[in-house]
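Structural overview for review
Residues per chain are reported as follows:
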Amino acid sequence: MADRSLRGIRLGAQSLQSEEGVVFHERAQHIYSCTSCGRDTTLTFAADAEVPPAWECRTCGAEALLRVGDGTATVDHSGDKTPRSHWDMLLERRTIPELEELLEERLAYVRARRGAGEAVTLDKLSA
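A few words now on the state of the cysteines. Summed over all chains, the structure comprises 0 disulfides. Free cysteine: Cys-37, not disulfide-bonded; nearest cysteine sulfur from Cys-34 at 3.6 Å. Just so you know, Cys-57 is unpaired, no disulfide at all, and the nearest cysteine sulfur is the one on Cys-34, 3.7 Å from it. With a relative accessible area of 4%, Cys-57 lands in the buried category.

Turning next to the confidence of the model for the protein. Averaged over all residues, the pLDDT of the protein is 83; the fraction at 70 or higher stands at 80%. Per-residue pLDDT, averaged within each element of the protein, yields its smallest value for helix α2 (residues 96-126) (79) and its largest for helix α1 (residues 86-93) (94).

What follows is about the nonpolar core. Within soluble globular proteins, side chains that are nonpolar generally end up buried alongside one another. Residues Tyr-32, Cys-34, Leu-43, Phe-45, Cys-57, Ala-64, Leu-66 and Ala-73 constitute the largest nonpolar core, which totals 8 residues. For this core, the secondary structure elements donating two or more residues are β1 (27-34), β2 (40-46) and β4 (63-68).

With that settled, consider the pattern of salt bridges. Counting across every chain of the model gives 2 salt bridges. Here Asp-40 ties to Arg-67 by a salt bridge, and the two come within 2.1 Å at their closest N and O atoms. Taken as a pair, Asp-40 in strand β2 and Arg-67 in strand β4 lie far apart in primary sequence, 27 residues in all. Residue classification places Arg-67 among the partly exposed residues on the basis of a relative accessible area of 36%. In this structure, Glu-92 engages Arg-84 in a salt bridge whose closest nitrogen and oxygen atoms are separated by 2.8 Å. Given the relative accessible area of 55%, Glu-92 is considered exposed.

All told, the structure shown has 2 aromatic pairs when counted by the stated rule. Considering the side-chain rings of Tyr-32 and Trp-55, the 6.0 Å spacing of their centres and the 40° angle between planes classify their relative orientation as tilted. Highlighted residues: Tyr-32 in strand β1 and Trp-55 in strand β3 (residues 54-56), separated in sequence by 23 residues. Exposure remark for Tyr-32: the relative accessible area of 1% places this residue in the buried category. Residue class for Trp-55 comes out partly exposed when judged on its relative accessible area of 34%. Look at Phe-45 and Trp-55: their rings are 5.7 Å apart centre to centre, the planes differ by 80°, and that puts the pair in the edge-to-face class. Highlighted residues: Phe-45 in strand β2 and Trp-55 in strand β3, separated in sequence by 10 residues.

Within the secondary structure layout, Ser-33 lies in strand β1. At 2.9 Å, the side chain of Ser-33 and the side chain of Arg-67 are in polar contact. Those residues in contact with Ser-33, other than ones at most four positions away along the chain, are Arg-39, Asp-40, Glu-63, Ala-64, Leu-65 and Arg-67.

Calculation rules
Residues numbered from 1 in each chain as written. Predicted model: local features only at pLDDT ≥ 70, side-chain atom pairs only at ≥ 80, totals over all residues. Heavy atoms only, no water. Disulfide = S-S within 2.5 Å. Buried < 20%, exposed > 50% of the residue type's maximum accessible area, 1.4 Å probe, protein only. pLDDT = per-residue confidence, 0-100. Helix = DSSP H or I, 4+ residues; strand = E, 2+ residues; numbered from the N terminus. Core = buried A, V, L, I, M, F, W, Y, C linked by side-chain atoms within 4.5 Å. Salt bridge = Lys/Arg side-chain N within 4 Å of Asp/Glu carboxyl O. Phe/Tyr/Trp six-rings, centres within 6.5 Å; stacked < 30°, edge-to-face > 60°. Polar contact = N/O pair within 3.5 Å; in protein donor to acceptor, adjacent residues only side chain to side chain. Contact = heavy atoms within 4.5 Å.

Quick look at the structure:
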């Protein structure tokens, strides 16, 4: 076995397919301008694809708008939902007085447990 060597190719290094007889789909390039940092990003889409009016800037993560002629596309944000926090969801289920009551119950439980634990350790020390 030592005199024989295994031959092959590395995975992902080369494609065994050729581009012979392949017809590429028509493509169109669109430019997006960032509203924050001002950078332009060129993206390639299929010619018949629906192009989004906004894209995330690759540099700063802000919103980049599609350039249409000399201006940019307008984006309607009226239908966007604002994210709900954990506090907002909690307030949908409980009222403030209910939450205060639950907090007092939990604090009493923790204090009682802590007091019982301290009493046990003091008993062990005095014995």
